[in-house]
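One letter stands for each residue in the lines below.
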Amino acid sequence: MRLVVLGAPGAGKGTQASQLAEYYNCPHVSTGETFRKAIQNQTELGKEADRHISQGRLVPDDITIELVKQRIEEPDCQIGFILDGYPRTVPQAAGLDEILSKKGLSLDAALHLELSEKEIFRRLGNRRVCTKCGANYHLDSLPPKHPGKCDRCGSPLVQRDDDQIDTIKKRLIVYHQQTRPVLDYYEKQSKLLVVNGEGSISSVYNAIINNLETRSLRANDCH
Ligand code: AP5
Ligand code: MG
């Protein structure tokens, strides 16, 4: 499966992408997560990314496209990937098509998770993330078994720096200006799959799997 997961901040991209990666047995590649690790490790990439992320802006296209190119050329991505949070601009989408077409490959689908702004603020305000493994929790809908500790590795949970209310507002403006056009890009390629992200984590997941399986059955019918 070669899938990109699109959606506004807090739409559930990371939550769903990690389950889809397990289901399809391929890597979950999150550009946001890669940048956060680089920031934590204070690498050159991290320092550059931090300048943009802390302000709610996108990291520049040239850096991001090169990062994704290198990642999906690694051996584990040859069987497929679930790309979470990329592409976020039309040049990034075109960049991905170029990388894949050089290998004679293409995307299977672009999944868009739709969510109201009210729910976005509720989700991001109550999100907590693991400082070590990056696992995501929600104080109401997905609480950790022991408060403040990661279920997977036991490390402390914190609020993401960019989940402050003013930064969420800026991220949403950037999303509408720069990322919404990516939906048209995939619509024109008949690759766009829209799923309502408002339900519970499991009902959204089931809707995604149903949509993807129906789509792949239809694609097989054509051959
Ligand atoms: P990134 O980390 O991708 O952030 P984002 O797009 O703002 O999205 P989030 O991670 O905040 O939300 P999500 O959709 O993954 O939702 P989640 O599953 O966590 O990027 C961060 C920054 O890096 C960007 O702002 C940008 O600066 C930079 N960047 C990254 N990629 C880039 C790119 N390609 N180009 C340029 N810059 C880039 O869910 C949210 C919360 O809700 C969680 O607490 C979760 O537990 C809960 N939840 C999820 N689903 C449900 C549900 N169905 N019901 C109830 N609760 C739920
Ligand atoms: Mg995420």
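Residues numbered from 1 in each chain as written. Chains lettered and ligands numbered in written order. Predicted model: local features only at pLDDT ≥ 70, side-chain atom pairs only at ≥ 80, totals over all residues. Heavy atoms only, no water.

K.L.:
Give a detailed account of the overall build of the protein, specifying residues and quantitative values.
P.N.:
For the protein, the helix and strand inventory stands at eight helices and eight strands. For the protein, whose C-alpha radius of gyration is 17 Å, the value lies close to the compact-globule estimate of 17 Å for 223 residues. Burial status across the protein gives 44% buried among its 223 residues. For the protein, the accessible surface area stands at approximately 11700 Å², while carbon and sulfur atoms represent 50% of it. Distance between charge centres in the protein, computed from 30 positive and 29 negative side chains, equals 3 Å. (Helix = DSSP H or I, 4+ residues; strand = E, 2+ residues; numbered from the N terminus. Rg over C-alpha atoms; globule rule 2.2 N^0.38 Å. Buried < 20%, exposed > 50% of the residue type's maximum accessible area, 1.4 Å probe, protein only. Areas by Shrake-Rupley, 256 points an atom, 1.4 Å probe, with all protein chains shown as cover. Lys, Arg positive; Asp, Glu negative; His and termini not counted. Charge placed at Lys NZ, Arg CZ, Asp CG, Glu CD.)

K.L.:
Lay out the site of ligand 1 with the relevant residues and their values.
P.N.:
Surveying the vicinity of ligand 1 reveals 35 residues, the closest of which are Thr15, Arg57, Arg88, Arg127 and Arg171. In the model, an oxygen atom of ligand 1 is placed 2.8 Å from a nitrogen or oxygen of the Lys13 side chain. Gly14 places a main-chain nitrogen or oxygen 2.9 Å from an oxygen atom of ligand 1. Surface burial for ligand 1 is 97%, taken as the share of its 1000 Å² of free accessible area covered by protein chains. Of all elements in the fold, only helix H1 (13-24), helix H2 (31-40), helix H6 (117-125) and strand E6 (136-138) reach the threshold of two or more residues within the shell around ligand 1. Tallying contributions element by element places H2 first for the shell around ligand 1, with four residues. Among the residues forming the shell around ligand 1, the class breakdown is 12 nonpolar, 14 polar and nine charged. (Near = heavy atom within 4 Å. Polar contact = N/O pair within 3.5 Å; in protein donor to acceptor, adjacent residues only side chain to side chain. Nonpolar A, V, L, I, M, F, W, Y, C, P; charged D, E, K, R; others polar.)

K.L.:
Tell me about the sheet that holds strand E5 (residues 127-130), and please be specific about residues and values.
P.N.:
A sheet is described by the order of its strands in space; here three strands give the open sequence E6-E5-E7, paired in antiparallel fashion. Bordering the open sheet on either side are E6 and strand E7 (157-158), each of which pairs with just one other strand. By the bridge criterion, two bridges tie E5 to E7 in an arrangement that is antiparallel. Bridge pairing in E7 places Cys130 opposite Leu157. (Pairing = 2+ DSSP bridges.)

K.L.:
Would you mind going over the packing of aromatic side chains in detail, with residue names and values included?
P.N.:
Using the criterion set out here, one finds two aromatic pairs in the structure. Between Tyr23 and Tyr24 the ring centres are 4.8 Å apart and the planes differ by 90°, which places this aromatic pair in the edge-to-face class. Between Tyr185 and Tyr186, the ring centres sit 5.2 Å apart and the planes meet at 90°, which makes this aromatic pair edge-to-face. Across the pair, exposure class does not vary: Tyr185 and Tyr186 are buried alike. (Phe/Tyr/Trp six-rings, centres within 6.5 Å; stacked < 30°, edge-to-face > 60°.)

K.L.:
Describe in detail the side chain of Thr179, supporting the description with residues and values.
P.N.:
By the element assignment, Thr179 lies in helix H7 (residues 165-188). Judged by relative accessible area, which is 7%, Thr179 ranks as buried. Those residues within four positions of Thr179 in sequence are excluded, and the remaining contacts are Pro87, Arg88 and Val174. (Contact = heavy atoms within 4.5 Å.)

K.L.:
Go over H1 with me, naming the residues and quoting the values.
P.N.:
The end-to-end C-alpha distance of H1, which contains 12 residues, comes to 16 Å, matching closely the 16 Å that a straight helix rising 1.5 Å per residue would cover. Those residues of H1 that fall on the buried side of the exposure criterion are Lys13, Gln16, Ala17, Leu20, Ala21 and Tyr24. All buried residues of H1 lie within an arc of 140° about the axis, which places them on one face of the element. Of the residues one or two after H1, Asn25 is the one with positive phi, at around 55°. (Expected span 1.5 Å × (residues − 1). Arc of directions from axis to C-beta.)

K.L.:
With reference to specific residues and values, describe the pattern of salt bridges.
P.N.:
Scanning the model with the defined rule gives 13 salt bridges in all. A salt bridge links Glu119 to Arg123; the shortest N-O distance between them is 2.9 Å. Note that Glu119 and Arg123 are positioned in helix H6 at a spacing of four residues, about one turn of the helix. On the basis of relative accessible area, Arg123 is assigned to the buried category, the value being 15%. For Asp163, the salt bridge identified is with Arg171, shortest N-O distance 3.0 Å. (Salt bridge = Lys/Arg side-chain N within 4 Å of Asp/Glu carboxyl O.)

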